[in-house]
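Spelled out, the chains give:
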Amino acid sequence: MALFKRRTTGKPGEWYYCLEHGTVEEGPQCRAADRFGPYGTREEAAHAMETARERNQEWDNDPKWHDGQGRGKSGSQEA
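Throughout, residues of each chain are indexed from 1 in the direction in which the sequence is written. Residues qualify for local features only when their pLDDT is at least 70, as the model is predicted, and side-chain atom pairs are given and counted only at 80 or more; totals for whole chains, interfaces and linings, by contrast, use all residues. In computing side-chain properties, one takes all heavy atoms of the structure into account and sets aside hydrogens as well as water.

## Quick look at the overall build of the protein
In step 1: Here a helix means four or more residues in a row that DSSP labels H or I, a strand means two or more in a row labelled E, and each is numbered from the N terminus. Helices and strands together make up the secondary structure of the protein, namely two helices and three strands.
In step 2: Counting from the amino terminus, helix and strand elements in the protein follow one another as β-β-β-α-α.
In step 3: Three labels apply to residues, based on accessible area from a 1.4 Å probe with only protein chains included: buried if under 20% of the type maximum, exposed if over 50%, partly exposed otherwise in between. A burial count over the protein gives 16% of its 79 residues as buried.
In step 4: By the convention used here, residues are in contact when the closest approach between their heavy atoms is within 4.5 Å. Restricting the contact set of the protein to residue pairs at least 6 apart, pairs at least 24 apart contribute 20%.
In step 5: Each accessible area is a Shrake-Rupley result for a 1.4 Å probe, and residues are judged covered by the shown protein chains and nothing else. Counting every atom, the protein has about 6,900 Å² of accessible surface; 48% of that belongs to carbon and sulfur.

Set out below in structure tokens:
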């Protein structure tokens, strides 16, 4: 038993999507690194992965974001 283990307490009305378990949670139940949120509704949290995919696709196709180097490249050029 840990003496100073801090338990994350849930907050009613805030919804999260747990990446580790693939579930929707009311209030933060899993650690912050393993969740998306907060979302205003359970429905929004349930669609967290779809929302993330859509946003990634928008960024990949945004001409202001895309510098022509391709995703994952550092931008340095070999001589």
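## Remarks on the side chain of E25
In step 1: Along the chain, E25 turns up in strand 2 (residues 23–26).
In step 2: Although E25 lies buried, it forms no salt bridge, and the closest oppositely charged side chain, R35, sits 5.8 Å away as judged by the N-O distance.
In step 3: In terms of polar contacts, E25 uses its side chain to reach the backbone amide nitrogen of C30, at 3.4 Å.
In step 4: If sequence neighbours within four positions are ignored, E25 has contacts with E14, W15, Y16, C18 and C30. Positive charges come from Lys and Arg alone, negative charges from Asp and Glu alone, with His and the N- and C-terminal ends not counted. What makes a salt bridge here is a side-chain nitrogen of Lys or Arg within 4 Å of a carboxyl oxygen of Asp or Glu, nothing more. Polar contacts here mean pairs of N or O atoms no more than 3.5 Å apart (in protein, one a potential hydrogen donor and the other a potential acceptor; neighbouring residues in sequence count only if both atoms are side-chain atoms).

## Things to note about the nonpolar core
A general feature of soluble globular proteins is that nonpolar side chains tend to end up buried together.
In step 1: Only buried Ala, Val, Leu, Ile, Met, Phe, Trp, Tyr and Cys residues count toward a nonpolar core, and they belong to the same one when joined by side-chain atoms within 4.5 Å. Grouped together as the largest cluster of nonpolar side chains are five residues: W15, Y17, Y39, A45 and A48.
In step 2: Not counting the four nearest positions on each side in its chain, Y39 is found in contact with G13, E14, W15, E44, A45 and A48.

## Side note on the sheet that holds strand 2
The strands that make up a sheet pair up through hydrogen bonds in the backbone, lying either parallel or antiparallel.
In step 1: Sheet architecture is open: three strands sit in the order 2-1-3, paired in antiparallel fashion. Strands at the two margins of the open sheet, each flanked by one partner only, are strand 2 and strand 3 (35–39). Taking the axes of each pair of neighbouring strands and ignoring which way they run, one obtains an average angle of 25° across the sheet.
In step 2: Only strands joined by at least two bridges in the DSSP assignment are considered to pair. Two elements, strand 1 (residues 15–18) and strand 3, share three bridges in a ladder whose sense is antiparallel. Along strand 3, the bridge assignment pairs W15 with Y39.
In step 3: Sheet contacts for helix 2 (residues 48–61): strand 1 and strand 3; angle to strand 3, the most-contacted strand, approximately 100°. Angles shown run from 0 to 180 degrees and are taken between the N-to-C directions of axes, each axis being a line fitted to C-alpha atoms and, for helices, limited to the stretch in contact.

## Section: the packing of aromatic side chains
For any two aromatic rings, the description comes down to two numbers: the centre-to-centre distance and the angle of the planes.
In step 1: Pairing of aromatic side chains requires ring centres within 6.5 Å, counting the rings of Phe and Tyr and the six-membered ring of Trp. Pairs whose planes differ by under 30 degrees are stacked, by over 60 edge-to-face, and all others tilted. For the structure shown, the criterion picks out zero aromatic pairs.
In step 2: To sit over a ring, a charge needs its Lys NZ or Arg CZ within 6 Å of the ring centre and within 35 degrees of the ring normal. A cation over a ring is seen here: R35 above Y16, with NZ or CZ 4.8 Å from the ring centre.

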